[in-house]
Amino acid sequence: MAREVAKTHPDKWITTLAYHFYALPPDGFALDPNVVIQICLGSRALAAKGPNGQLEADERNLSAWAAESSERPKYVWVWYIYPYGMWFQPFPAFIGNHIPQIIEEYVQAGVRGIFYEPS
């Protein structure tokens, strides 16, 4: 689809989310240059540290997309809503001192913008 759009509308982009099973760059084929990636990250999950934690998974995904292409426009969709609204109502987390660090990681990865989904 992206290739056909580029033929008729070379100044337009196709946007897709890098999310869940499709969080990492595709293996075995290259994305067309007019595909913009929006990487879904759960950066609020500060308690989920460790080799299988959310923050480490976010870092791996961000690094993989940064390595995939330095030219491709990349954005992030930041999930700050969870675990709010699930089976329990946790005390609101204050992560203000964490935000500058992750913003710097986004900048280093070539992220151009953020969609912020608050609780």
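Going by the structure above, here's the rest.
Given the structure is predicted, the values throughout are model-derived calculations rather than measurements. (Residues numbered from 1 in each chain as written. Predicted model: local features only at pLDDT ≥ 70, side-chain atom pairs only at ≥ 80, totals over all residues. Heavy atoms only, no water.)

On to the overall build of the protein chain, then. Looking only at helices and strands, the protein chain has 3 helices and 4 strands in total. Considering the protein chain as a whole, with its 119 residues, one finds that 32% of them fall into the buried category. Counting only contacts in the protein chain whose residues sit at least 6 apart along the sequence, the fraction spanning at least 24 positions is 67%. Just so you have it, the protein chain exposes about 8,000 Å², and 60% of that area is on carbon and sulfur atoms. (Helix = DSSP H or I, 4+ residues; strand = E, 2+ residues; numbered from the N terminus. Buried < 20%, exposed > 50% of the residue type's maximum accessible area, 1.4 Å probe, protein only. Contact = heavy atoms within 4.5 Å. Areas by Shrake-Rupley, 256 points an atom, 1.4 Å probe, with all protein chains shown as cover.)

This brings us to the sheet that holds strand 4 (residues 111-117). Read across the sheet, 4 strands follow the order 1-2-3-4 without closing on themselves; strand pairing throughout is parallel. At either margin of the open sheet sits one strand with a lone partner, and together these are strand 1 (14-18) and strand 4. For this sheet the average axis-to-axis angle between neighbouring strands, irrespective of direction, equals 25°. Sheet analysis places strand 1 next to strand 2 (residues 35-41), joined by 5 bridges and oriented parallel. Within the sheet, the bridge partner assigned to Ile14 lies in strand 2 and is Val35. Contacting strand 1, strand 2, strand 3 (74-79) and strand 4, helix 2 (residues 54-68) crosses the sheet at an angle of about 165° to strand 2. Here helix 3 (residues 99-108) sits on the sheet in contact with strand 2, strand 3 and strand 4, set at roughly 140° to strand 4. (Pairing = 2+ DSSP bridges. Axes fitted to C-alpha atoms, helices over the stretch in contact; angles between N-to-C directions.)

Our focus in this paragraph is helix 2. Each α-helix winds once per 3.6 residues, and so residues spaced three or four apart point in a common direction. Between its terminal C-alpha atoms helix 2 stretches 21 Å, which fits the 21 Å expected from 15 residues at 1.5 Å a residue. Restricting attention to buried positions, one finds in helix 2 the residues Leu55, Asp58, Asn61, Leu62 and Trp65. With its buried residues spanning 125° around the axis, helix 2 presents them on a single face. Tucked into the core, helix 2 has its buried residues touching strand 1, strand 2, strand 3, helix 3 and strand 4. (Expected span 1.5 Å × (residues − 1). Arc of directions from axis to C-beta.)

Our next topic: the side chain of Gln38. Checked against the element boundaries, Gln38 lands in strand 2. You can call Gln38 buried: its relative accessible area is 15%. The contacts of Gln38, once residues within four sequence positions are left out, are Thr16, Leu17, Ala18, Tyr75, Val76, Trp77 and Phe115.

Right, let's talk about unusual backbone geometry for a bit. Phi is positive for His20, which is not a glycine, with a value near 55°. Relative to the assigned elements, His20 resides in the loop between strand 1 and strand 2.

A word on the pattern of salt bridges. Where charged atoms from two side chains of opposite charge approach closely, those side chains can pair. According to the stated counting rule, one finds 4 salt bridges in the structure shown. Lys7 is the salt-bridge partner of Glu4, the closest N and O atoms lying 2.9 Å from each other. Taken as a pair, Glu4 and Lys7 lie in helix 1 (residues 2-8) at a separation of 3 residues, close to a single helical turn. The exposure class assigned to Lys7 is exposed, which follows from its relative accessible area of 57%. (Salt bridge = Lys/Arg side-chain N within 4 Å of Asp/Glu carboxyl O.)

Let us look at a nonpolar patch on the surface. A cluster of nonpolar residues, Ile103, Val107, Ile114 and Tyr116, forms a patch on the protein surface that exposes about 370 Å² of accessible area. Position of Tyr116 among the secondary structure elements: in strand 4. A relative accessible area of 48% means that Tyr116 is categorised as partly exposed. (Patch = residues over 30% accessible without salt bridge, like charges linked within 9 Å, V, L, I, M, F, W, Y side chains within 5 Å.)

So yeah, pure geometry; function would need other evidence.
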